[in-house]
Amino acid sequence: MRPDEAEAAVAVRALLYAPLVSRALCSVAELGIPDILSHGPRTAAELARDTGAHENALHQVLTALTAFEVFEVLPDGRFALALLGTALTPGAPGSALPSALMAQALSARAWQGIPDTVRTGTPAFDKEFGADFFTVLDRRPELRGLFDATQARDVELESAAVLRAHDFSSAATLIDVGGGDGALLGHLLAAHPGLRGVLVDRPAAAAAARARFSAAGLADRAEALPGDFFTAVPGGGDVYLMREILHDWDDEQCVTLLAACRRAMPPHARLVVIELAADDRPGTDADARTTALMTLYMLSVLPGRERTPREFGALLGAAGLRLDSVSRLTGQKALLVATPEPAAPSFRTSRERSTDHA
């Protein structure tokens, strides 16, 4: 065996065993270990006593995670937070704690079903939970809260880049399509005191957004409407915003949604789309691997996928919109701006077209 063949065999084994790291991270997050250690180093015995964990098992997990810079072992044997562990504390900027809790409670169960998804094309989540992702969130408020928290923490990481990449100051009204609990809209309204916002999303999300706006003192400039954005989107906006919405849906669903936006948009309006926008040729650097992981995540949970700027342009064109610009935010995350074509096409879904022959 050549040295490179041996290295490849070892490397692929590391990839195969990678889910063990995820499970360990989720376990310590659920126990609250990073939060406890944020107040100072502790022994495994102390941590086990305070969390109800098994001391020897916990010691092994903590020791293993030191290799991944989550924790460190001090000379006296106590454990302390390392750099990555700090990101799992509740107060960390862009904290990953909600994502860990979400994975533990929900999404990791779907990841186990990826082999079946590869064979059938159906998200493993639907089979595992007996309903699609957003229906499950509607039925279980505690999971809805976790999902909103993950989105809000992601917004913390990118809101400054969004404000640098696009000038919202000329707009009077911003329509946030599928804006969840309003985390991003809240940031934009705070940065632009003259801006008014309207959010439309499923009833549970709209209710959470109203609570956020009220708590932030934005209720006089922001409203949250329950609705089906595949059917109708509020009209009269200067800017229409969609953050990480299109990657949830397949191509036809995306065009249906974009066409609803196009019908609502005045001629002067613009659509701002924030999504991962993968390179045309997949790479192997850290950013490309992050996009690859999100591709696999979406494959297991929802019918959508990550796309390239060219693919986004095709979807927008099919809905009567023209892609005008693409700006990079962080990594492969991008902000795309589109404007209405002079005449929107008469788009119909395949279901509507099938009735022609009924």
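What you see as residue numbers is a count from 1 along each chain, following the sequence as written. Restriction of local features to residues with pLDDT of at least 70 applies here, the model being predicted, together with a cutoff of 80 or more for giving and counting side-chain atom pairs; totals for whole chains, interfaces and linings are based on all residues. Just so you know, side-chain values use all the structure's heavy atoms and leave hydrogens and water out.

S.K.: Which parts of the structure should I look at to understand the environment of leucine 329?
M.R.: Within the fold, leucine 329 resides in the loop between strand 8 (321–328) and strand 9 (333–340). Along the chain, leucine 329 and valine 162 lie 167 residues apart, while their C-alpha atoms are 6.7 Å from each other. We call two residues in contact whenever any of their non-hydrogen atoms come within 4.5 Å of each other. Other than its neighbours up to four places away in sequence, leucine 329 contacts Ala161, Val162, Ala165, Ile274, Ala334 and Leu335. Helix and strand definitions here come from DSSP, where helices need a minimum of 4 consecutive H or I residues and strands a minimum of 2 consecutive E residues; each element is numbered from the N-terminal end.

S.K.: Which parts of the structure should I look at to understand the environment of histidine 166?
M.R.: Looking at the element boundaries, histidine 166 is found in the loop between helix 10 (141–165) and strand 3 (173–177). Each C-alpha atom, one on histidine 166 and one on valine 337, is 8.9 Å from the other, the two residues being 171 residues apart in sequence. Residue contacts for histidine 166: discarding those within four places in its chain leaves Arg270, Val272, Leu335 and Val337. At 2.9 Å, the side chain of histidine 166 and the side chain of arginine 270 are in polar contact. Two N or O atoms count as a polar contact when they lie within 3.5 Å, although within protein this holds only if one can serve as hydrogen donor and the other as acceptor, and sequence-adjacent residues are included solely when both atoms are side-chain atoms.

S.K.: Before we go on, may I ask you to explain the side chain of serine 300 in this structure?
M.R.: By the secondary structure assignment, serine 300 is in helix 14 (residues 286–301). Those residues in contact with serine 300, other than ones at most four positions away along the chain, are Ala110, Trp111, Ile114, Pro123, Ala124 and Phe125.

S.K.: Where do I start with helix 12 (residues 203–215) in this structure?
M.R.: Side chains three or four residues apart in an α-helix point the same way, a direct result of the helix having 3.6 residues per turn. Any helix carries an expected span of 1.5 Å times its number of residues minus one. In this model, helix 12 (13 residues) spans 19 Å end to end at C-alpha, consistent with the 18 Å of a helix rising 1.5 Å per residue. For helix 12, every residue scored as buried is listed here: Ala205, Ala206, Ala209 and Phe213. For helix 12, the buried positions fall inside an angular range of 95 degrees around the axis, keeping them on one side. Along helix 12, the residues that are exposed and aim more than 90 degrees away from the buried face are Pro203 and Ala215. Taken together, the buried residues of helix 12 touch helix 10, helix 11 (183–191), strand 4 (196–201) and strand 5 (222–226). With its phi angle positive at about 75 degrees, glycine 217 sits one or two positions after the end of helix 12. Here's how the labels work: a residue is buried when its accessible area is under 20% of the maximum for its type, exposed when over 50%, partly exposed in between, all with a 1.4 Å probe on protein chains only. Within this analysis, the arc is defined by the directions that extend from the helix axis to the C-beta atoms.

S.K.: Any chance you could explain the packing of helix 6 (residues 97–111) against helix 10 here in plain terms?
M.R.: Between two packed helices, both the angle of their axes relative to each other and the distance between the axes serve to describe the pair. The angle between two axes is taken between their N-to-C directions and runs from 0 to 180 degrees, where each axis is a line fitted to C-alpha atoms and a helix contributes only its stretch in contact. Orientation of helix 6 relative to helix 10, taken along the N-to-C sense of each, is 145 degrees, at an axis distance of 8 Å. Regarding helix 6 and helix 10, the two cross each other, and that crossing is left-handed. Residues Pro98, Ser99, Leu101, Met102, Ala105 and Leu106 of helix 6 touch helix 10, and the partners they reach there are Leu143, Leu146, Phe147, Ala149, Thr150 and Arg153. In the contact of helix 6 with helix 10, the residues fall into 9 nonpolar, 2 polar and 1 charged. Left-handed describes a crossing whose near helix is turned anticlockwise from the far helix by less than a right angle; the clockwise case is right-handed. Residues are grouped as follows: Ala, Val, Leu, Ile, Met, Phe, Trp, Tyr, Cys and Pro are nonpolar; Asp, Glu, Lys and Arg are charged; all remaining types, including Gly, are polar.

S.K.: Just checking my understanding: could you explain a nonpolar patch on the surface for this structure?
M.R.: Patch membership requires over 30% relative accessible area and the absence of a salt bridge. Like charges are linked within 9 Å, and nonpolar side chains (Val, Leu, Ile, Met, Phe, Trp, Tyr) within 5 Å. Every accessible area reported is derived by Shrake-Rupley at a probe size of 1.4 Å, with residue values counting cover from the shown protein chains alone. Think of a salt bridge as a Lys or Arg side-chain nitrogen and an Asp or Glu carboxyl oxygen that are within 4 Å of each other. A contiguous nonpolar patch, built from Val12, Leu15, Leu16, Tyr17 and Leu20 and spanning about 580 Å² of accessible area, is present on the exposed surface. When you line up the elements, leucine 20 lands in helix 1 (residues 3–31).

S.K.: Could you clarify how one ought to interpret the packing of aromatic side chains in this entry?
M.R.: Two aromatic rings are characterised by how far apart their centres lie and by the angle between their planes. Stacked, tilted and edge-to-face are the three classes applied to pairs of Phe, Tyr and Trp rings, where Trp contributes its six-membered ring and a pair requires centres within 6.5 Å; stacked means planes under 30 degrees apart, edge-to-face means over 60, and tilted covers the rest. For the coordinates displayed, the defined rule picks out 9 aromatic pairs. Ring geometry for phenylalanine 230 versus tryptophan 249: centroids 5.1 Å apart, planes at 85 degrees, classification edge-to-face. Here phenylalanine 230, found in the loop between strand 5 and strand 6 (239–243), pairs with tryptophan 249, found in the loop between strand 6 and helix 13 (251–264); they are 19 residues apart in sequence, far enough to count as distant. Three or more aromatic residues joined by ring pairs make a cluster, and in this case those are Phe125, Phe129, Phe133, Phe134, Phe147, Phe229, Phe230 and Trp249.

S.K.: Even after reading the chapter, I still don't get the pattern of salt bridges, so can you show me in this structure?
M.R.: Where charged atoms from two side chains of opposite charge come close, those side chains can pair. Enumeration over the complete set of coordinates arrives at 26 salt bridges. Put simply, aspartate 148 and arginine 144 hold a salt bridge, and the shortest N to O gap is 3.1 Å. Separated by 4 residues within a single helix, aspartate 148 and arginine 144 lie in helix 10, roughly one turn from each other. Look at arginine 144 and you get buried, because its relative accessible area is 6%. Residue aspartate 181 is joined to arginine 212 by a salt bridge in which the shortest nitrogen-to-oxygen separation is 3.0 Å. Pair noted here: aspartate 181 is in the loop between strand 3 and helix 11 and arginine 212 is in helix 12, with a separation of 31 residues, a long-range link. For arginine 212, a relative accessible area of 32% translates into the label partly exposed. When salt bridges with common partners are traced through the structure, they connect Arg42, Glu46, Arg49 and Asp50 into a single cluster.

S.K.: Can you walk me through the pairing of strand 7 (residues 270–276) in this structure?
M.R.: On any regular strand, side chains alternate: one points to one face of the sheet, the next to the other face. Where burial is concerned, most of strand 7 is hidden: 7 out of the 7 residues are buried. Where strand 6 meets strand 7, 5 bridges bridge the pair, whose relative direction is parallel. What sits directly across from leucine 241, in strand 7, is valine 272. With strands facing away from the observer, any crossover in which the path from the first strand over the helix to the second runs clockwise is taken as right-handed. Handedness of the crossover joining strand 6 and strand 7 through helix 13: right-handed. A pair of strands is labelled paired if DSSP reports no fewer than 2 bridges between them. Alignment of strand 7 against strand 9, held across 6 bridges, turns out to be antiparallel.

S.K.: Any chance you could explain the pairing of strand 5 here in plain terms?
M.R.: Here strand 4 pairs with strand 5 via 5 bridges, running parallel. In the strand pairing of strand 5, valine 200 is matched with leucine 225. Note that the unit made of strand 4, helix 12 and strand 5 has a crossover that is right-handed.

S.K.: What am I meant to see in unusual backbone geometry here?
M.R.: Glycine aside, a negative phi is what most residues show, and trans is what most peptide bonds show. In this model, glutamate 69 sits at a positive phi of 60 degrees, which is unusual for a non-glycine residue. Considering the arrangement of structural elements, one finds glutamate 69 in the loop between helix 4 (55–66) and strand 1 (71–73). A positive phi angle, near 50 degrees, is found at glutamate 244, a position not held by glycine. By secondary structure assignment, the location of glutamate 244 is in the loop between strand 6 and helix 13.

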